[in-house]
2 protein chains.
Amino acid sequence: MNDVARAAGVSMMTVSNVLNDRPRVGEETRRRVLDVVADLGYEVNLTARHLRSGRTDTVAFVVPGFQTYFDEIADRLAAAFGEQGRHLVVESTGARPENELAALSSVRLSMYDGVILSVVGLTRAEIEGVRTTAPLVLLGEVEVPDRFDHVMLANAEGAELATARMLATGSRRIAVVGGDSEGSQDGGMAATRRAGWVRAHERAGLVADPALVAPAVGVGPEVGREAVRHLERSGVDYDGVFALTDSTAVGVLAGLAEAGRRVPQDVQVVGFDNLDLAEFTVPGLTSVDPGRDAVAQHAARLLQRRIDGATPEPEHVVVPVRLVERGSTRASQGHPPAHREPPRTS
Amino acid sequence: MNDVARAAGVSMMTVSNVLNDRPRVGEETRRRVLDVVADLGYEVNLTARHLRSGRTDTVAFVVPGFQTYFDEIADRLAAAFGEQGRHLVVESTGARPENELAALSSVRLSMYDGVILSVVGLTRAEIEGVRTTAPLVLLGEVEVPDRFDHVMLANAEGAELATARMLATGSRRIAVVGGDSEGSQDGGMAATRRAGWVRAHERAGLVADPALVAPAVGVGPEVGREAVRHLERSGVDYDGVFALTDSTAVGVLAGLAEAGRRVPQDVQVVGFDNLDLAEFTVPGLTSVDPGRDAVAQHAARLLQRRIDGATPEPEHVVVPVRLVERGSTRASQGHPPAHREPPRTS
DNA sequence: GTGAAAGCGCTAACAT
DNA sequence: ATGTTAGCGCTTTCAC
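These figures come from a predicted structure and were not determined experimentally.

Caption draft 1: Representation of the interface of chain A and chain B in the model. In this assembly, 46 residues from chain A lie in contact with 46 residues from chain B. Here chain A meets chain B over a buried area of about 4100 Å², counting both sides, of which 62% is carbon and sulfur. Of all residues in chain A, the largest losses of buried area upon contact with chain B belong to A:Thr47, A:Phe66 and A:Phe280, amounting jointly to 18% of the total for that side. Our enumeration of links across chain A and chain B arrives at two salt bridges.

Caption draft 2: The arrangement of the nonpolar core in detail. By size, the foremost hydrophobic cluster in this structure holds 138 residues, and its most contacted members are A:Phe61, A:Leu77, A:Phe242, B:Phe61, B:Leu77 and B:Phe242. Residues within four places of A:Phe61 in sequence aside, it is in contact with A:Phe70, A:Ile73, A:Ala74, A:Leu77, A:Leu88, A:Val89, A:Val90, A:Glu91, A:Ile116 and A:Leu139. Ranked by size, the runner-up nonpolar core spans 36 residues in total, among them A:Val89, A:Val144, B:Val130 and B:Val142.

Caption draft 3: Region of interest: the protein's contact with DNA strand C. Around DNA strand C, the structure places 22 residues, and the nearest of them are A:Thr14, A:Gly26, A:Thr29, A:Arg52 and B:Tyr42. Contacts to DNA strand C include A:Arg52, whose side-chain N or O atom sits 3.1 Å from a base nitrogen. B:Asn45 has a polar backbone atom sitting 2.8 Å from a phosphate oxygen of DNA strand C. Every element with two or more residues in the surface near DNA strand C is listed here: α2 (12-19) and α4 (46-53) of chain A together with α2 (12-19) and α4 (46-53) of chain B. Split into classes, the residues belonging to the surface near DNA strand C amount to 10 nonpolar, seven polar and five charged.

Caption draft 4: Structural view of the packing of helix α11 (residues 221-234) of chain B against helix α12 (residues 246-259) of chain B. All names here are of chain B. Relative to each other, α11 and α12 sit at 40 degrees, their axes nearing to 6 Å. If you check the angle between α11 and α12, you find them oblique. The two elements α11 and α12 meet at a crossing, and its hand is right-handed. For the pair α11 and α12, contact is made by Pro221, Val223, Gly224, Arg225, Val228, Arg229 and Glu232 and by Ser247, Thr248, Gly251, Val252, Ala254, Gly255, Leu256, Glu258 and Ala259, respectively. Residues of the contact of α11 with α12, tallied by class, amount to seven nonpolar, five polar and four charged.

Caption draft 5: Examining the protein's contact with DNA strand D more closely. The environment of DNA strand D is formed by 24 residues, the closest being A:Met13, A:Tyr42, B:Gly26, B:Thr29 and B:Arg52. The contact in question runs from a phosphate oxygen of DNA strand D to an N or O atom on the side chain of A:Arg49, over 2.6 Å. For DNA strand D, a phosphate oxygen lies 2.6 Å from a polar atom in the backbone of B:Ser11. If you list the elements that add at least two residues to the surface near DNA strand D, you get α2 and α4 of chain A together with α2 and α4 of chain B. Ranked by the residues each element gives to the surface near DNA strand D, the list is headed by α4(A), at four residues. Residue composition of the surface near DNA strand D, grouped by class: 10 nonpolar, nine polar and five charged.

Parameters and conventions
Residues numbered from 1 in each chain as written. Chains lettered and ligands numbered in written order. Predicted model: local features only at pLDDT ≥ 70, side-chain atom pairs only at ≥ 80, totals over all residues. Heavy atoms only, no water. Contact = heavy atoms within 4.5 Å. Buried area = accessible area lost by both parts, 1.4 Å probe. Salt bridge = Lys/Arg side-chain N within 4 Å of Asp/Glu carboxyl O. Core = buried A, V, L, I, M, F, W, Y, C linked by side-chain atoms within 4.5 Å. Buried < 20%, exposed > 50% of the residue type's maximum accessible area, 1.4 Å probe, protein only. Near = heavy atom within 4 Å. Polar contact = N/O pair within 3.5 Å; in protein donor to acceptor, adjacent residues only side chain to side chain. Helix = DSSP H or I, 4+ residues; strand = E, 2+ residues; numbered from the N terminus. Nonpolar A, V, L, I, M, F, W, Y, C, P; charged D, E, K, R; others polar. Axes fitted to C-alpha atoms, helices over the stretch in contact; angles between N-to-C directions. Parallel < 35°, antiparallel > 145°, perpendicular 65-115°, else oblique. Left-handed = near helix turned anticlockwise from the far one by under 90°.

None of the figures reported here should be taken as evidence of function without further support.
This is the structure in structure tokens:
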């Protein structure tokens, strides 16, 4: 930068001003500086800028693993922050609580203008211990202390919706399949969604059979297929499956196919997340849509206001869910649902 | 850090030495410093360290989009670099060439100890213009100048393998479905894989029908489903589909299901990438396995030696592929294939 | 509209 | 084994 300044016959300060599009620079000076910059191929050192100004123009999205669900959110976040000239980087904790905690340390936080952390493994107490004033938004289906901004899904409601839907079209033995991410704590996503499954039964005057809860760890398709295999082996009677995530549901569909069960005639299936993929399974997967757009939008908004330096009341957003119906559930009689997609035509 | 030094009664340099696990510090001094650090809750400023030392302990993986294919590579890269105490961050270019170029600018490169860039949209000429000595490894199915390290797949061979497999079990009208990522250049992945499809026909003494090439842009499932719909509408005869990516193949399977075509009896399907998902489609998807482990391993290795400061001859690695057979292709007679997975049992 | 001085927090190099 | 000096490249502050 010194070189540029000298070559342009100005001070470093003027070069800095030009490069940052600051107003009080003469038009001619600006041209000259830019020419020299182009000539010399000069590029600012972002690290030095960061050290001096505290700004990185980069936001981190820290996820438990590189997965489709987070991909779809990351895309939206990247778009939101891109509009304001900020970069998004994605980091993975590998679902290890110690890495989640590390992401909350000032060390890592200081690398970014702000951080959006998807929490799965930390206890409330561990989060409680976090001392930071850096812009931070928590995402995820766990309890977090009041003083943090937090975006989560209406998990219980979604699970209830999914279960009720299958009950409404005749299923009476609905298995719950799937668990939490590996390394996650109790009281997280799985427990909450299972509670929704129970409540749907209660509301219908039925009793959910605990034998139909497949204990499992993990959110991937292996979990779904294994659970179905287990159900088949154990000879338990079932005519519906609520998969805690779409990814698991994909495994459930594979398991049912290999067992020769027809979907939805013999067994109805509903997932949770409404991944883009849900439209392309065979049959199409009825799924709880968590409003990913809303999740990303809220997260971006909450982080933005922290970055802007405001210290508002922390917000705890619960994003509403809806059910998107596809071929893995039987057509419901009478009142057509709001969001059934048009039937596929050849 | 100054505070820590003072409180511990030592100089900043000693604190720095302790924090960096450098050898020449007395055991007692080390204890005392660490105590004070814990007491004061001091944490190093990574930016300052970076500015001074030039080291960030962070490596970037720049991808065209947050997608399953790259997720699976990112996981492996994160593991590889994690072992050496480096962080991996993933950035997306949105498949926009200008962003790929930006990732290659010194500005961005200087943020990281090294960068692995997955190229889809840049022309050879554009890459040629890149002047950088920063540790950089290029990934992807495009031509790149000799002076860069580059890891790519055996695309043509894989496509040939896929096509030949369907020819061997009776398909004679094999459609090619899928395109390049949006924003990518000609001569990339799609062209190369289509060439493999042609060559497989030639080797079998057959002629590939250009009418069976579905012109398409994009690598997602929509592309696959739309292509099948188009084939059906146009009344073209076909009894096999080579999908350029597994993601597209998933859409193909959905399209075939909605058209009432049985897989593999009426139409065989082979994909490319062997995503984890391929094991869970209905039926299971026969797919070309690009050796993701090898891709990640080579990329990590090549980047590592650059980071280590070596300036070796650039390497151009072509990772070999193999075919993993599942239910979307008919059983081959006679010589059983090396990699057919065990049949699913209930 | 432009420049000079100061310093962000750390570490390399060289003392001691 | 520990301390001193200097400076990484930029921007903030204040003066002109």
